Amino acid sequence: MIASLSDQLGFIKIPKNASSSIANWMHNNCDQIVGELMGHQALASITVPEGVKTFCFLRDPAERFVSACRWLLRGGSNSEIEGAFGGYLRGIGDESQIAEVLASDLKVSGYLHFIPQTFWISINGKVAVDYLFPYHNDSAWMSGVLSGLIKRNATLPEINASASRSDASALTPNALKAIQEFYAEDYQVITQYNVLGVSGTA
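Our subject in this report is the structure included herewith. Note that the structure is a prediction, hence the values are computed from the model and not measured.

About the thresholds
Position labels on residues start from 1 in each chain and follow its written sequence. Side-chain atom pairs in this predicted model are given and counted only at pLDDT of 80 or more, local residue features only at pLDDT of at least 70, and totals for whole chains, interfaces and linings cover all residues. Hydrogens are left out, water is left out, and the side-chain values use all remaining heavy atoms of the structure. Paired rings are identified among Phe, Tyr and Trp, the last through its six-membered ring, by centres lying within 6.5 Å, and are further divided according to the angle between planes into stacked (under 30 degrees), edge-to-face (over 60) and tilted (the rest). A run of DSSP states H or I qualifies as a helix once it reaches four residues; a run of E qualifies as a strand once it reaches two. Both are numbered from the N-terminal end. Exposure classes here rest on a 1.4 Å probe applied to the protein chains alone. A residue is buried below 20% of its type maximum, exposed above 50%, and partly exposed in between. Only four residue types enter the tally: Lys and Arg on the positive side, Asp and Glu on the negative side, with His and both chain ends excluded. Salt bridges are identified by distance alone: a Lys or Arg side-chain nitrogen within 4 Å of an Asp or Glu carboxyl oxygen.

Below, the discussion takes up the packing of aromatic side chains. Within the structure shown, the criterion is met by 9 aromatic pairs. Between F85 and Y111 the ring centres are 3.8 Å apart and the planes differ by 5°, which places this aromatic pair in the stacked class. Of this pair, F85 sits in helix 3 (residues 80-92) while Y111 is found in the loop between helix 5 (106-109) and helix 6 (117-121), placing the two residues 26 residues apart along the sequence. Seen in terms of ring centroids, F119 and W120 are 5.0 Å apart; in terms of plane orientation they differ by 85°. Their pairing is edge-to-face. Among the residues examined, F119 registers a relative accessible area of 44% and is labelled partly exposed.

Below, the structure written as structure tokens:
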């Protein structure tokens, strides 16, 4: 989490949900910053400062999975660890083939970018973040949400410039089923909180 004590706002960073863009903006534009700019921490593992409200963005699990796959298959951030893991994924195949081993390959399912979103925002099995918002590949929309929270103008850089990077339409039926089963809790929370739309699967 990265938090601004002056704005009384803390951002729970979920991998592949614009976490770096928002955390960097807060670090550069907010005062009295505490927490981690780099890395990701589950809400259950941190102490939220008194008076600070937490927020995060939830993303369609299939789109998030595809985005993570394609990013890692390209080498990720070019770090040695992500490069090696990208090589491991390339040995499995494309995103559909990777999805089909989610439940059986602990090296895949336990990797940072594939851990379910509910893990990052829950305490004792219950969602504990104060504000949930839908993720969109739209910097203006995301900036509007952030502006409303901090009560001043916020302009985020372009998010996920190519929509095809997270296009889940190419997933095979078996892959989509595997994703839906593995991320069942994510889908349940999205539906319960009406985050992505009336159906919960915008």
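Once that is clear, we can look at the side chain of R59. Considering the arrangement of structural elements, one finds R59 in the loop between strand 4 (53-58) and helix 2 (61-73). Despite its burial, R59 remains without a salt bridge, the nearest opposite charge being carried by E63 at 4.7 Å.

A separate point is the pattern of salt bridges. Counted according to the given criterion, the structure contains 2 salt bridges. As a salt-bridge pair, R152 and D7 come within 2.7 Å of each other at their nearest N and O atoms. Of this pair, R152 sits in the loop between helix 7 (139-150) and helix 8 (173-182) while D7 sits in the loop between strand 1 (2-4) and strand 2 (9-11), and the two are 145 residues apart along the sequence. By relative accessible area, R152 is classed as partly exposed at 33%. For E95, the salt bridge identified is with R70, shortest N-O distance 2.6 Å. Within this pair, whereas E95 is found in helix 4 (residues 95-99), its partner R70 is found in helix 2, the two being separated by 25 residues in sequence. No difference in accessibility class separates E95 from R70, as the two residues are buried.

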